[in-house]
Amino acid sequence: MPLRLFVVLVLVLLALFKPGMNFVFAWCGVYLVAQLIEVLALNRYLGQARPRQAVALNLFADVLLAVIFGWLAIPVWASGTPVGAAGAVLLLCGSIITALMGAEGCIAAFLASAAPHVTYLVATPLIAADRDDPILPFFLAGGGLFCLTLSMVFLWSRRAMEAERRARRAAEAQIAAKSAFVAMVSHELRTPINAIVNGAAALANPGERPGETDRTSAVLIRDAGLMMRTLLTDLLDLSKIEAGRMGVEVVDYDLPTLIVDGVDLWRNTAEAKGVGLRLNDLEGAPQWVRGDPMRTRQVLNNLLSNAIKFTSQGEIVISVAMSGPDGQRQMAITVRDTGPGLTQDQIARLFSPYEQLGVETARAFGGTGLGLAISRNLARLMGGELSAANAPEGGASFTLRLPAPEGTATPAVDEAEAAALALPDRSLSVLVVDDHDINRRTLRQMLEAFGAQVETVDDALAALAIAERQVFDVILMDVRMPGMDGLEASRRLRDHGANRQTPIVAVTGAVSPEEIAACHEAGMTGWVEKPVNAKHLYAALFEG
């Protein structure tokens, strides 16, 4: 609208200085009336709750405006000069392009605005010029080609605008889903935080029965910590997957043992809920296969956890089937429950991150809705697939399909694991470098349980200063600290000083291959992941 009014203003100013153009003033008055009708029609359209009822009036206003605006080309062409004819053509073509821009991919709006101008483009030379002009057929042919090109441009712009709208709607939906997800994570975090705060308060004030209270509070804090670690692991896994940094390994592992251990892990939980947990015969399954046992176990645990969560009665059945020739053997691990089952819409959204089956599901069962999305991505990273369907007997059925090439038996590790938990014969001196007091206190408690002598500092500069005066057996270095980070501190320790040869173990929550490589390049000799596991810390100290 502002563009059209600007063109009208320019034409009126030209008419003031050009003799014989007085018709422009009358035309301008009629045009402004038509423009006012379009404004009123548009406001009526925007002000209605069901605007479809006002579309016809808007289309009529568009046609009226185009008829009045395009009429100006006839007297301009009739001026009888080549420049006048060219000006009329430019006026009509500019109006058609403006209609193309204003329609924004809407066919009805484009036809209402452009059809009168196209009609004028064909009719004006027949009305205002010599019909016997030998060039007229060429002009009409050019007008036809212009209309053909215009229709192609419109279809292209329509597709582009529809794609842009779809992308915008998808982005808005994802933003809304992420906002709901953040709110859900906040809710999920409050539960374990509440347990930790209250458990710690009970430990600080044990009351009349300190022994029983201490044990109950410790178990409460442990369970809350495990819940928070599971949530954090899901968030980190999804972040790695979305960044393309999640990796899998290929090793030989005992498939029946993995599945039996996974089922046994959840058996007590299922029995406490009154749900049966049955593992079908594994005789057809090979013992040793090649793949990623940790990620396979992660997916299986997630499927069993969901099945128990959504099954109120009946049983959960786990079965394993093999298919394909030896060189391309596939295994299918199926977890079938007798829960409420799934609708087709739920199956379509089931593996989308940031979504659950619905608000009521989130309220009733909790959780972030990340587990299945992560599990499917892990299955695909391992060369397989995770699918869901309704079981014929009722309930839902989830099937994990993975390549299962033949593996080789590996020696038992029971003795090695037992040795890893044994305390060392000598006392280690350990320097802990971390900017968070809670982390320093936690590591001190764990290290002193191993019999280590511990010094703690809260930044890299303090670590460099104490390392000039004292030699340590091991340095635990936080990677991300304000000011100088752990990588730069490690480089300086390796450059000079009494601890040039001291092992430096990174303590970090970032464990992607690139970040681990950066730690090694800085001179670090090992790493443990936050939240720190006592067994992993012991292995880094005494086996690394």
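The shown structure was predicted, so the numbers you read here are calculated from the model rather than taken from an experiment. (Residues numbered from 1 in each chain as written. Predicted model: local features only at pLDDT ≥ 70, side-chain atom pairs only at ≥ 80, totals over all residues. Heavy atoms only, no water.)

**Student:** I tried to follow the sheet that holds strand E5 (residues 330–336) on my own but got confused; where do I start?
**Tutor:** Paired through backbone hydrogen bonds, the strands of a sheet run either parallel or antiparallel to each other. Spatial strand order, E2-E4-E5-E7-E6: 5 strands in an open sheet with mixed pairing. Edge positions in the sheet fall to strand E2 (276–279) and strand E6 (385–390), since each has one partner strand and no second. Going from strand to strand, the sheet's axes swing by 15° on average, the running direction of each strand aside. When E2 meets strand E4 (residues 315–323), the two strands line up parallel, connected through 4 bridges. Residue pairing across strands places Gly276 opposite Glu315, the latter belonging to E4. Contacting E6 and strand E7 (396–403), helix H13 (residues 371–381) crosses the sheet at an angle of about 130° to E6. (Pairing = 2+ DSSP bridges. Helix = DSSP H or I, 4+ residues; strand = E, 2+ residues; numbered from the N terminus. Axes fitted to C-alpha atoms, helices over the stretch in contact; angles between N-to-C directions. Contact = heavy atoms within 4.5 Å.)

**Student:** Could you clarify how one ought to interpret the pattern of salt bridges in this entry?
**Tutor:** Pairs can form between side chains of opposite charge once their charged atoms are near each other. Applying the stated criterion across every chain yields a total of 16 salt bridges. Note that Glu515 is salt-bridged to Arg480, the shortest N-O span being 3.3 Å. Remark: Arg480 occurs in the loop between strand E10 (474–478) and helix H17 (486–495) and Glu515 occurs in helix H18 (residues 513–521); sequence separation between them is 35 residues. Of the residues examined, Glu515 reaches a relative accessible area of 22% and is grouped as partly exposed. For Arg480, a relative accessible area of 60% corresponds to the exposed category. Residues Arg491 and Glu488 are paired through a salt bridge, measuring 3.2 Å at the closest nitrogen-oxygen approach. (Salt bridge = Lys/Arg side-chain N within 4 Å of Asp/Glu carboxyl O. Buried < 20%, exposed > 50% of the residue type's maximum accessible area, 1.4 Å probe, protein only.)

**Student:** Would you explain H13 in this entry?
**Tutor:** Because the α-helix completes a turn every 3.6 residues, residues three or four places apart line up on one side. Taken together, the buried positions of H13 are Gly371, Leu372, Ala373, Ile374, Ser375, Leu378 and Ala379. Phi turns positive, to about 85°, at Gly383, one or two residues after H13.

**Student:** Is there a simple way to explain a nonpolar patch on the surface in this structure?
**Tutor:** Taken together, the side chains of Met1, Leu5, Leu32, Leu42, Tyr45, Leu46 and Val55 define a hydrophobic patch exposed on the protein surface, amounting to about 560 Å² of accessible area. Looking at which element gives the most residues to the nonpolar patch, the answer is helix H2 (residues 23–47), with 4 residues. Inspection of the secondary structure puts Leu46 in helix H2. (Patch = residues over 30% accessible without salt bridge, like charges linked within 9 Å, V, L, I, M, F, W, Y side chains within 5 Å. Areas by Shrake-Rupley, 256 points an atom, 1.4 Å probe, with all protein chains shown as cover.)

**Student:** Any chance you could explain the environment of Pro405 here in plain terms?
**Tutor:** Structurally, Pro405 is set in the loop between E7 and helix H14 (414–421). Put simply, Pro405 and Asp252 are 153 residues apart on the chain and 9.4 Å apart in space, counted from C-alpha to C-alpha. Not counting residues within four places of it along the chain, the set of residues in contact with Pro405 comprises Trp288, Val289, Arg290 and Arg329.

**Student:** What should I look at first to understand the sheet that holds E10 in this one?
**Tutor:** Taking strand neighbours across the sheet as the criterion, the 5 strands line up as E9-E8-E10-E11-E12 in an open arrangement whose pairing is parallel. Strand pairing shows two members of the sheet lacking a second neighbour, strand E9 (453–457) and strand E12 (526–529), which therefore form its edges. Going from strand to strand, the sheet's axes swing by 20° on average, the running direction of each strand aside. Two strands pair when backbone bridges link them, and strand E8 (residues 429–433) and E9 are joined in this way by 5 bridges, in the parallel orientation. Within the sheet, the bridge partner assigned to Val430 lies in E9 and is Val454.

**Student:** Got a minute to help me understand the nonpolar core in this structure?
**Tutor:** Burial of nonpolar side chains together is a common tendency in soluble globular proteins. Residues Ile259, Ile316, Ile318, Ile333, Val335 and Phe398 are the most contacted members of the largest nonpolar core, which totals 43 residues. Setting aside chain neighbours within four positions, we find Ile333 in contact with Ile259, Thr296, Leu300, Ile318, Ser319, Val320, Phe398, Thr399 and Leu400. Grouped together as the second largest cluster of nonpolar side chains are 24 residues, Val12, Cys28, Ile68 and Phe69 included. (Core = buried A, V, L, I, M, F, W, Y, C linked by side-chain atoms within 4.5 Å.)

**Student:** Is there a simple way to think about the packing of aromatic side chains in this case?
**Tutor:** Each aromatic ring pair is specified by the distance between its two centres and by the angle formed by the two planes. This model, assessed by the stated rule, comprises 7 aromatic pairs. Ring centres 6.5 Å apart and planes at 80° place the aromatic pair Phe23 and Trp71 in the edge-to-face group. Within this pair, whereas Phe23 is found in helix H2, its partner Trp71 is found in helix H3 (residues 55–71), the two being separated by 48 residues in sequence. A relative accessible area of 37% means that Trp71 is categorised as partly exposed. Cluster of aromatic residues (ring-pair linked, three or more members): Trp27, Tyr31 and Phe69. Positioned above the aromatic ring of Phe351, the side-chain terminus of Arg376 is 3.8 Å from the ring centre. (Phe/Tyr/Trp six-rings, centres within 6.5 Å; stacked < 30°, edge-to-face > 60°. Lys NZ or Arg CZ within 6 Å of the ring centre and 35° of its normal.)

**Student:** Explanation requested: the environment of Val471 in the structure shown.
**Tutor:** When you line up the elements, Val471 lands in the loop between helix H16 (460–469) and E10. Once the C-alpha coordinates of Val471 and Val430 are considered, the two residues, 41 residues apart in sequence, prove to be 9.4 Å apart. What Val471 contacts, discounting residues up to four positions off in sequence, is Ser429, Ala498 and Asn499.

**Student:** Before we go on, may I ask you to explain unusual backbone geometry in this structure?
**Tutor:** If a residue is not glycine, its phi is most likely negative; likewise, a peptide bond is most likely trans. In this structure, Glu104 is a non-glycine residue whose phi angle is positive, near 50°. When its relative accessible area of 44% is taken as the criterion, Glu104 is described as partly exposed.

**Student:** What is the right way to look at the packing of helix H5 (residues 82–103) against helix H6 (residues 107–128) in this model?
**Tutor:** Helix-helix packing: each pair is described by the crossing angle between the helix axes and the interaxial distance. Here H5 crosses H6 at 165°, and the two axes come no closer than 8 Å. Judged on the interaxial angle alone, H6 and H5 are roughly antiparallel. Note on packing geometry: the crossing formed by H5 with H6 is left-handed. Every residue of H6 that contacts H5 at Val89, Leu92, Ser95, Ile96, Ala99, Leu100 and Ala103 is listed here: Ala109, Phe110, Ser113, Ala114, His117, Val118, Tyr120, Leu121 and Thr124. For the contact of H5 with H6, the residue count by class is 12 nonpolar, 4 polar and no charged. (Parallel < 35°, antiparallel > 145°, perpendicular 65-115°, else oblique. Left-handed = near helix turned anticlockwise from the far one by under 90°. Nonpolar A, V, L, I, M, F, W, Y, C, P; charged D, E, K, R; others polar.)

**Student:** It is not clear to me how the environment of Arg222 should be interpreted in this structure. Could you clarify?
**Tutor:** Here Arg222 shows up in helix H8 (residues 210–242). Put simply, Arg222 and Gly199 are 23 residues apart on the chain and 9.5 Å apart in space, counted from C-alpha to C-alpha.

**Student:** Any chance you could explain the packing of helix H10 (residues 293–310) against H13 here in plain terms?
**Tutor:** At a closest axis distance of 10 Å, the pairing of H10 and H13 adopts a crossing angle of 145°. Note on packing geometry: the crossing formed by H10 with H13 is left-handed. Facing H10, whose interface residues are Arg295, Gln298, Val299, Asn302, Leu303 and Asn306, H13 presents Gly371, Leu372, Ile374, Ser375 and Leu378. In terms of residue class, the contact of H10 with H13 is made up of 5 nonpolar, 5 polar and 1 charged.

**Student:** Honestly, the side chain of Asp337 in this entry has me stumped. Any pointers?
**Tutor:** Mapping Asp337 onto the fold places it in the loop between E5 and helix H11 (344–349). Despite its burial, Asp337 pairs with no opposite charge, the nearest such side chain being Arg336 at 7.7 Å. There is a polar contact of 2.9 Å between the side chain of Asp337 and the backbone nitrogen of Gly339. (Lys, Arg positive; Asp, Glu negative; His and termini not counted. Polar contact = N/O pair within 3.5 Å; in protein donor to acceptor, adjacent residues only side chain to side chain.)

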